[in-house]
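Coordinate analysis (summary)
Listed below are the residues making up each chain.
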Amino acid sequence: VQLQASGGGLVQAGGSLRLSCAASGRTFSSYGMGWFRQAPAKEREFVAAISWSGGSTYYADSVKGRFTISRDNAKNTVYLQMNSLKPEDTAVYYCAATEVRGYTSSWYVTPETYHYWGQGTLVTVSS
């Protein structure tokens, strides 16, 4: 499967952005999806994930209450709505897909869980 992330850009602190990740293939609805981010000189970190059905979502503590992950299986797309953005949210955001169904947050927060990665989209939040 190929993943194409989009929607990044420059926004002022307190603003909002919506990232999209479009997936190729006919089995999108069977994939768990995640968003990760990597800031300069930092390791890649988990942001949010959603189960294949959309019934379960998981968030990093740093974004809980501000970011919302969702998916539209009819459009083969997963979204990350980001509100109340902070300068520390500045990073390249990556979407990822896993073929294996997981049932716990520990499963989804681990990068090694994911089999496919998008190319990343840059989010810059100015203060």
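Residues numbered from 1 in each chain as written. Predicted model: local features only at pLDDT ≥ 70, side-chain atom pairs only at ≥ 80, totals over all residues. Heavy atoms only, no water.

Our next topic: the overall build of the protein chain. A count of helical and extended segments in the protein chain gives 1 helix and 11 strands. The C-alpha radius of gyration computed for the protein chain amounts to 13 Å, which stays within 12% of the reference 14 Å derived for 127 residues, consistent with globular compactness. Expressed along its principal axes, the backbone C-alpha trace of the protein chain runs to roughly 40 × 25 × 25 Å. A buried classification covers 44% of the 127 residues belonging to the protein chain. Sequence separation of 24 or more characterises 58% of the internal contacts of the protein chain that already satisfy a separation of 6 or more. Here the protein chain contributes 11 positively and 8 negatively charged side chains, and the mean placements of these two sets differ by 7 Å. (Helix = DSSP H or I, 4+ residues; strand = E, 2+ residues; numbered from the N terminus. Rg over C-alpha atoms; globule rule 2.2 N^0.38 Å. Buried < 20%, exposed > 50% of the residue type's maximum accessible area, 1.4 Å probe, protein only. Contact = heavy atoms within 4.5 Å. Lys, Arg positive; Asp, Glu negative; His and termini not counted. Charge placed at Lys NZ, Arg CZ, Asp CG, Glu CD.)

Right, let's talk about the side chain of T77 for a bit. Along the chain, the position of T77 falls in strand β8 (residues 77–82). Ignoring sequence-local partners within four residues, the contact set of T77 consists of S20, C21, A22, F28, S70, R71 and D72.

In terms of nonpolar packing, the biggest core is built from 37 residues, with M33, W35, L80, M82 and Y93 touching the most fellow members. Within the residue set of this core, elements represented by two or more residues are β1 (3–6), β3 (17–23), β4 (32–38), β5 (45–50), β7 (67–72), β8, β9 (91–98) and β11 (121–126). Not counting residues within four places of it along the chain, the set of residues in contact with Y93 comprises L19, W35, F36, R37, V47, F67, L80, M82, G120, T121 and V123. (Core = buried A, V, L, I, M, F, W, Y, C linked by side-chain atoms within 4.5 Å.)

It is worth spelling out the packing of aromatic side chains at this point. Applying the stated criterion to the full structure yields 7 aromatic pairs. With a centroid separation of 5.3 Å and an interplanar angle of 80°, the aromatic rings of F36 and Y114 are classed as edge-to-face. Residue F36 is located in strand β4, and its partner Y114 is located in the loop between α1 (105–108) and β10 (116–117); the two are separated by 78 residues in the primary sequence. Classification of F36 by relative accessible area gives buried; the value is 0%. Judged by relative accessible area, which is 6%, Y114 ranks as buried. (Phe/Tyr/Trp six-rings, centres within 6.5 Å; stacked < 30°, edge-to-face > 60°.)

Relative to the helices and strands, F28 is located in the loop between β3 and β4. Look at F28 and you get buried, because its relative accessible area is 1%. Separated by 50 residues in sequence, F28 and V78 have C-alpha atoms that sit 9.7 Å apart.

Attention now moves to the pattern of salt bridges. As enumerated under the stated definition, the model contains 4 salt bridges in all. As a salt-bridge pair, R37 and E45 come within 2.6 Å of each other at their nearest N and O atoms. Judged by relative accessible area, E45 falls into the partly exposed class, the value being 36%. Look at the salt bridges and you will find they share partners, linking R37, E45, R66 and D89 into a network. (Salt bridge = Lys/Arg side-chain N within 4 Å of Asp/Glu carboxyl O.)

Relative to the helices and strands, S127 is located in the segment after β11. Taking the C-alpha atoms as reference points, S127 and Q2, 125 residues apart in sequence, are found 34 Å from one another. Non-local contacts of S127, meaning those with residues more than four positions away in its chain, are made with A13 and P87.

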